[in-house]
Amino acid sequence: MRKLLPDLCLVAAMPLLVYSVHRVFLETPNERQMGTAFKIFFFHVPMGWICMLMAVVCGIAAGVQLRRRSTMGAAVALAAAEMGFVTGLGVLLTGPIWGNATWGTPWTGDARQVTTALLWLVIVAYLLLRHYGPRSSDRLAAALAIFGAVNVPIIYYAVKLWKTMHPSTGVVASLPPEMWASFWPALSGLLLCCLGLFGLRIRQLVLAEELDVAWVQAQDRA
Amino acid sequence: MNELNAPTTTPQPAAPTTAQPAQDPAYGPAVGLSLKEKEQVRQLEGIAAEKTARDYQHIVLAYGVLWALFAGYGIFLWRRSARLRADMNDLRRTLDRHPPGP
Amino acid sequence: MRVLRQALLLLRSELRQELRDFELLLTASFFTVVLLAMFYLSFASLQSKAHLAAIPGLMWLTIAFVGVLTLTRVFDREREADTLRALLAAPVERLAIYFAKAAMTLAVLMLCCMVLVPGLWLMFPAGAAFAEQPLATALLALLGCGGYVAIGALFAAGLATGAGKNTLLFIILYPLTTPVLMYALVTTRALLDHHPDLPSYLGQMAALDLILVSIAALLFETVLVGSGARSTSPKGQVPRTLSREPSA
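What you see is a predicted model, and the numbers here were worked out from it, not measured in a lab.

**Description of the overall build of chain A**
In terms of regular secondary structure, chain A is built from 6 helices and 0 strands. Beginning at the N terminus, the succession of helices and strands in chain A can be written as α-α-α-α-α-α. Projected onto the principal axes, the alpha-carbon positions of chain A cover approximately 70 × 45 × 25 Å. Taken across its 222 residues, chain A has 48% of its residues classed as buried. Long-range contacts, defined as pairs at least 24 residues apart, comprise 80% of the intrachain contacts of chain A with a sequence gap of at least 6.

**Considerations on the overall build of chain B**
Secondary structure summary: chain B contains 1 helix and 0 strands in total. Residues classed as buried in chain B amount to 7% of the 102 residues present.

**Considering helix H3 (residues 48–81) of chain C**
All names here are of chain C. A rise of 1.5 Å per residue sets the reference length of H3, with its 34 residues, at 50 Å; its end C-alpha atoms lie 49 Å apart and thus fit the reference within 8%. The sharpest bend along H3 measures roughly 40° and falls at Ala54, with the proline Pro56 sitting one to four residues further on. Looking one or two residues past H3, Asp82 carries a phi angle of roughly 55°, positive in sign.

**Some remarks on the interface of chain A and chain B**
Size of an interface, as often reported, equals the accessible area lost when the parts are brought together. With 28 residues of chain A at the contact, the number on the chain B side is 25 residues. Counting residues per element, the ones that place at least two in the side of chain A that touches chain B are helix H3 (71–103) and helix H6 (177–221) of chain A. When residues of the side of chain A that touches chain B are assigned to their parent elements, the largest contribution, 12 residues, is made by H6(A). Of the residues that constitute the side of chain A that touches chain B, the class distribution is 19 nonpolar, 6 polar and 3 charged.

**Remarks on the confidence of the model for chain B**
With 69% of its residues at a pLDDT of at least 70, chain B reaches an overall mean of 77. Scoring of the predicted complex yields 0.81 for pTM and 0.85 for ipTM.

**Description of the packing of H3(A) against helix H4 (residues 111–132) of chain A**
Residues and elements named next belong to chain A. Two elements in contact, H3 and H4, have axes whose closest approach is 9 Å; the angle formed by their N-to-C orientations is 145°. The two elements H3 and H4 meet at a crossing, and its hand is left-handed. Contact residues: H3 offers Leu78, Ala81, Glu82, Gly84, Phe85, Gly88, Val91, Leu92 and Gly95, while H4 offers Gln113, Thr116, Ala117, Leu119, Trp120, Ile123, Val124, Tyr126, Leu127 and Arg130. Taken together, the residues of the contact of H3 with H4 sort by class into 12 nonpolar, 5 polar and 2 charged.

**As for the nonpolar core**
Counting residues in hydrophobic clusters, the biggest one holds 148 residues, and the most contacted among them are A:Cys58, A:Ala77, A:Ala80, A:Leu144 and A:Ala145. Looking at which element gives the most residues to this core, the answer is helix H8 (residues 167–192) of chain C, with 16 residues. What A:Ala80 contacts, discounting residues up to four positions off in sequence, is A:Met54, A:Val57, A:Cys58, A:Ala61 and A:Phe198.

**Re helix H1 (residues 2–21) of chain C**
The end-to-end C-alpha separation of H1(C) is 30 Å, in line with the 28 Å expected for 20 residues at 1.5 Å each. The secondary structure elements touched by the buried residues of H1(C) are helix H5 (94–123) of chain C.

**Thoughts on the environment of C:Glu221**
As for its placement among the helices and strands, C:Glu221 is situated in helix H9 (residues 198–225). Taking the C-alpha atoms as reference, C:Glu221 lies 28 Å from C:Tyr183; in sequence the two are 38 residues apart.

**Some details on the environment of C:Thr222**
All names here are of chain C. By the element assignment, Thr222 lies in helix H9. Judged by local crowding, Thr222 falls into the buried class, with 20 C-beta atoms found within 10 Å. A C-alpha to C-alpha distance of 40 Å links Thr222 and Leu120, two positions 102 residues apart in sequence.

Basis of the calculations
Residues numbered from 1 in each chain as written. Chains lettered and ligands numbered in written order. Predicted model: local features only at pLDDT ≥ 70, side-chain atom pairs only at ≥ 80, totals over all residues. Helix = DSSP H or I, 4+ residues; strand = E, 2+ residues; numbered from the N terminus. Buried ≥ 20, exposed ≤ 12 C-beta atoms within 10 Å, placed from the backbone. Contact = placed C-beta atoms within 7 Å. Expected span 1.5 Å × (residues − 1). Bend = angle between axes of the 7 residues up to and from the residue. Nonpolar A, V, L, I, M, F, W, Y, C, P; charged D, E, K, R; others polar. pLDDT = per-residue confidence, 0-100. Axes fitted to C-alpha atoms, helices over the stretch in contact; angles between N-to-C directions. Left-handed = near helix turned anticlockwise from the far one by under 90°. Core = buried A, V, L, I, M, F, W, Y, C linked by C-beta atoms within 7 Å.

Structure follows, in structure tokens:
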């Protein structure tokens, strides 16, 4: 049952995503000030939340990897970093599209926008180190992931402080209740989809590691 | 009654009524009759329609980007799986060639 | 106490080595002067109001670039002579190695700040506040460079132990040190503006430095030599790490 969990997540995500798109476009009223472009919000914000979640998961898994020399920890950390990369890129691309439609400027310098961009850079650095670093760099990459996870609240607070020097040009109003009803299905669908892909990637990485060990044993025998 | 007595007052044109409901339901009160107002309303509707069209372009772009990213990652996972399956088949063949000893 | 004593001994050895030829000091200072010249050429024609906004960025960008150069050189010496391995094998607390290297890098950066801050003040008159508040400026430089070095020493050491590629240090260090540099930016701007919240910002920077040094110190030994925990691979084999997947 545990092995099928990623596939089940993906199967459950599909109807939920279809329903949430239907709800967002056909049953949610337009936002007064931002108009139709506000529909982007319903997938943009969940992507941001999932990116932050994956950064924290990556940091925790990297801690387990360092402490216990665990291959599962390494697999979870890499899979979380990849999912964080995809969702972070989604946020950084859809945010300017929404900003351009609503405020006429792609980059508003909003604290959350800058925080996500900096966090995404840390995730990319981690992935580059894992893929191009020397053999001993796995521990270093794990340390980078831990620092990255610890940096999530620090970056946000630092950016808010930095914003006192650069006032923002646009403010997102708080969401009225009828829009929250459309937000949760979108969040759930996207989260299930991401968790499914995340689980599949972990499975692949663990299998790759086990194949490596099996190859070494087979070659010893030969 | 003296028919030769002409009415002393000339009939005044009826004042435009905006608050009173029409007697016939097919006709509503006439408002915005001035050309200037009509032009202004048409202009505003045009701006709103332009914004909606532009917004839809942005929505299509944003949703397209999202789905492209997820599709791209899905393809990446699928190709990795294919590579792992090929590696597993190679391993199976190697083990068949050199079975484990007693 | 033992860690502190060993760290001081290692630091003394580093300083003795540096005082033989002043290689690190001279190259870092010269690089600072070159950057100052480039910034002057780029921004001198701007209005002084723009200088006020630009000076914090110029200062901390210089520290970021000189910092990587210094860290790379501090650990390259060990790698060239293969003394880092000997140091790790010796009965020395790993934490002492971290503190000694970090202190050495911090010393070099502080000396570069002694060139950088007066240079900025001379080139851009808006930097006069540095001269008016020397203690605050010194504390700001110490805290900003300290936070940067706390993170940098850990990753430079990690790259030095393997067949580390130095270019990776740039990739790792700049994203991670952005919060520290942002805090330093805001505090520098507060100093230049004579902002009443300056002591509060300096306090926050000190707290941030403490957090970063603690985390780096906790991770240092594990990153360099690994933890002592048992591996979880089957049949007790040391698992190959997941840095490479099998090619088709």
